[in-house]
Amino acid sequence: MIAGAVYLGCIVSPPSLMDDVDAVQAQIARNMLISGDWVTARLDGVPYLEKAPLIYWAIAVSYKMLGVYDWVARLPVALSAVALCWLTGAFGVWAFGERAGFYAGLCMSTGVGLFLFTRVQIPDVMLTLAVALALWAFLRALDEQEPHPRRWALVLGACLGVGLLLKSLVGVLFPVAAGGIYLFLTGQLFSAKTWRRLCPFSGLLLAILIAAPWHILAALRNPPYFDLTLRSIPGEYHGFLWFFFMNEQVLRFLNLRSPRDYNTVPRLYFWLFHLLWLFPWSVYFPAVARLSFKPVDRAGRTRLLALCWTGFVLVFFTFSTTQEYYSMPCYPALALLLGSAMALGGGGVRIGTRVISAVATCAAVAAIALLILVRHVPTPGDISTALNQRPGTYTLSLGHMGDLTVPAFAYLRAPLAVAAAAFLVGALGTLRATGRRAFLAAACMMVLFFHAARLALVVFDPYLSSRPLAEALARAPAGKLIVDHHYYTFSSIFFYTNRSALLLNGRFNNLVYGSYAPGAPNVFIDDAQWKTMWLGPERCYLVASDFALPRLEKLVDKARLHVVAATGGKVVLANQPAGP
């Protein structure tokens, strides 16, 4: 119920699709639905070969059922988050009992990380759901009291196939490695009885039947078929299989992928950030150390598997490139351990509750102080006027957090007030309470805080999304559309207008490789070509960031740059006045 209120409540009145991956995923799904080609993803007609397709299919099916709207595009991720919270709770009930299972579900549904990283259209929550179900099925297939081990073994195989269609090889690697380490530690790795219960051949066949058709079709439609080149150089095209597996899996892990359109979180921060991603429940991590990990009963076996599960995911990314959300697949394991510790209680849990109270008090004081500090600060225009843009940080998931300034909080008075109220609820509710009452108070604090975060996203909408510009284009006379810079920079323009466009100086990052595919449309132009078009007789529109205006004014006379609309630090320009 808590998960449903938190996630589906944010779907009822969400901010629009943001520029970047949000609108990219949504538009790819729409392109698939319109074209009937559900194999090769395309952006602006250019093959987009780097991602597995299941999230596109889920969005496209949602469109087919409910229509093409931005909130519909968000449904698969939101519903996956709800399902993940329910699954974590059910897993905990099966392993530890009702109370610990409830706490595990509470940790999953009200932790910062899951909420934060499901505001963006990435398939990681869907992958996490597949991994969690796979490992629960793994334990149930091995459980001596389970009357239908073969069914659960087939569920495991199905989850591996689904994982391949969500995030490729890691969708198989995470559950297989975690399960393998568990079998080794429990002395079951070489037991014939173990493998009879796991039915590896049947499970493998099912996984292949689920995942192989798309891989085969994608390879056949995007030749060449086999290329083992170990270099990744712009301008070279080696087909789908090379790019999808060699470039996106092997070379990315080794940090040799081209184009290098991503950044990496320092390893120490990557580990320490889990104190934030699992907040407020991460305060109970010390209590986890008191738990028994001996595989003598169902609870001990689950804890040991959770440890193997978490350990492998974190160590794997310690030796790879990392984004803040990459470790999401281990959140359910950590939630299970935390729920088990919370149900057990003890001194560590009581101390953790006092820590929540202290942190919530400090956060409430900080929010109230910010409200007082900006109470008389004017708020002209939208929030973009008060932000300090740092584009170099945007390759990280939380890169835009660095844009915040103190004056920007004047635009966030309502979210700040709700956040302050949330933290006061948490501080007072956990001040003297213990056990279930304290946990529920902390959960209520997080639900209120998530609502504050949603309100803040609405305020940021003109800055993070280009929907107002797209609406202005829809009202303007017909003309050729040009987008300055990369597709991702104004991806919501493409979604809300449902138009193709020329990309001015945009042949880099994600679209480079597909642009060299046979038959790819030439949608890329440079400054000289743009100048010729702009000074020609055809009406043209250009979507650009404010900081691009000085460059554009050097290319054409300022009088030829007619402003159609401007918002969020972005502008739509026309080469001709709108007319009477």
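Everything that follows concerns the structure shown earlier in this document.
**Student:** Give me the overall build of the protein chain: which residues, what numbers.
**Tutor:** Scanning the protein chain for helices and strands turns up 25 helices and 8 strands. Taking 25 Å as the expected radius of gyration for a compact globule of 580 residues, we find that the protein chain reaches 25 Å, a close match to that expectation. By the burial criterion, 55% of the 580 residues in the protein chain qualify as buried. For the protein chain, the computed accessible surface area is about 24,200 Å², with 68% contributed by carbon and sulfur atoms. Across the protein chain, the mean location of the 46 positive side-chain charges is 10 Å away from that of the 29 negative side-chain charges.

**Student:** Which residues make up the nonpolar core, and what values go with them?
**Tutor:** Counting residues in each nonpolar core, the largest one holds 164 residues, and the members touching the most others are Tyr48, Phe138, Tyr182, Trp281, Tyr284, Trp309 and Val543. With 14 residues, helix α7 (residues 124-142) is the largest single contributor of residues to this core. Once you skip the residues sitting within four places of it in the chain, Tyr182 turns out to touch Phe138, Leu139, Leu142, Gln188, Arg301, Leu304, Leu305 and Cys308. Among the nonpolar cores identified, the runner-up in size contains 17 residues, and Val374, Ala410, Leu412 and Leu464 belong to it.

**Student:** Tell me about unusual backbone geometry, and name the residues and values.
**Tutor:** A cis amide bond links Pro223 with the next residue in sequence, Pro224, at an omega value of 5°. Within the element layout of this structure, Pro224 appears in the loop between α11 (200-221) and α12 (239-253). The linkage connecting Phe279 with the following residue, Pro280, adopts the cis geometry, with an omega of 5°. Among the structural elements, Pro280 can be located in the loop between α14 (274-277) and α15 (285-288). Not every positive phi belongs to a glycine, and Asp44 is a case in point at roughly 55°. Structurally, the position occupied by Asp44 is in the loop between β1 (42-43) and β2 (46-47). Given the relative accessible area of 10%, Asp44 is considered buried. Phi is positive for Ser168, which is not a glycine, with a value near 60°. Mapped onto the elements, Ser168 comes out in the loop between α8 (149-167) and α9 (170-185).

**Student:** Any details on the packing of aromatic side chains? Residues and values, ideally.
**Tutor:** In this structure the tally under the stated criterion is 36 aromatic pairs. Ring centres of Phe317 and Tyr326 lie 5.2 Å apart, and the angle between their planes is 45°; this geometry places the pair in the tilted category. Taken as a pair, Phe317 and Tyr326 share a single burial class, namely buried. A connected cluster of aromatic rings, assembled from ring pairs, spans Phe117, Phe174, Tyr269, Phe270, Phe273, Trp277, Phe312, Phe316, Phe317, Tyr325 and Tyr326. In this structure, Arg119 is placed above the aromatic ring of Phe115, and the distance from its NZ or CZ to the ring centre is 4.2 Å.

**Student:** Tell me about the pattern of salt bridges, and name the residues and values.
**Tutor:** For the coordinates displayed, the defined rule picks out 13 salt bridges. Asp70 is the partner of Arg467 in a salt bridge, and the nearest nitrogen-oxygen pair spans 3.7 Å. Of this pair, Arg467 sits in helix α21 (residues 467-475) while Asp70 sits in helix α4 (residues 70-96), and the two are 397 residues apart along the sequence. The closest approach of N and O atoms between Arg301 and Asp143, which form a salt bridge, is 3.6 Å.

**Student:** Run through the sheet that holds strand β3 (residues 480-484), naming residues and quoting values.
**Tutor:** Strand order across the open sheet formed by 6 strands is β5-β4-β3-β6-β8-β7, with mixed pairing between neighbours. At either end of the open sheet lies a strand with only one pairing partner, and these are β5 (524-525) and β7 (562-567). As defined by bridge partners, strand β6 (residues 540-545) adjoins strand β8 (residues 570-574) across 5 bridges and the pair is classed as antiparallel. In the strand pairing of β8, Leu542 is matched with Leu573. Packing against the sheet, helix α24 (residues 527-534) makes contact with β3, β4 (502-504), β5, β6 and β8, and its axis sits at approximately 135° to β6.

Analysis parameters
- Residues numbered from 1 in each chain as written.
- Predicted model: local features only at pLDDT ≥ 70, side-chain atom pairs only at ≥ 80, totals over all residues.
- Heavy atoms only, no water.
- Helix = DSSP H or I, 4+ residues; strand = E, 2+ residues; numbered from the N terminus.
- Rg over C-alpha atoms; globule rule 2.2 N^0.38 Å.
- Buried < 20%, exposed > 50% of the residue type's maximum accessible area, 1.4 Å probe, protein only.
- Areas by Shrake-Rupley, 256 points an atom, 1.4 Å probe, with all protein chains shown as cover.
- Lys, Arg positive; Asp, Glu negative; His and termini not counted.
- Charge placed at Lys NZ, Arg CZ, Asp CG, Glu CD.
- Core = buried A, V, L, I, M, F, W, Y, C linked by side-chain atoms within 4.5 Å.
- Contact = heavy atoms within 4.5 Å.
- Phe/Tyr/Trp six-rings, centres within 6.5 Å; stacked < 30°, edge-to-face > 60°.
- Lys NZ or Arg CZ within 6 Å of the ring centre and 35° of its normal.
- Salt bridge = Lys/Arg side-chain N within 4 Å of Asp/Glu carboxyl O.
- Pairing = 2+ DSSP bridges.
- Axes fitted to C-alpha atoms, helices over the stretch in contact; angles between N-to-C directions.

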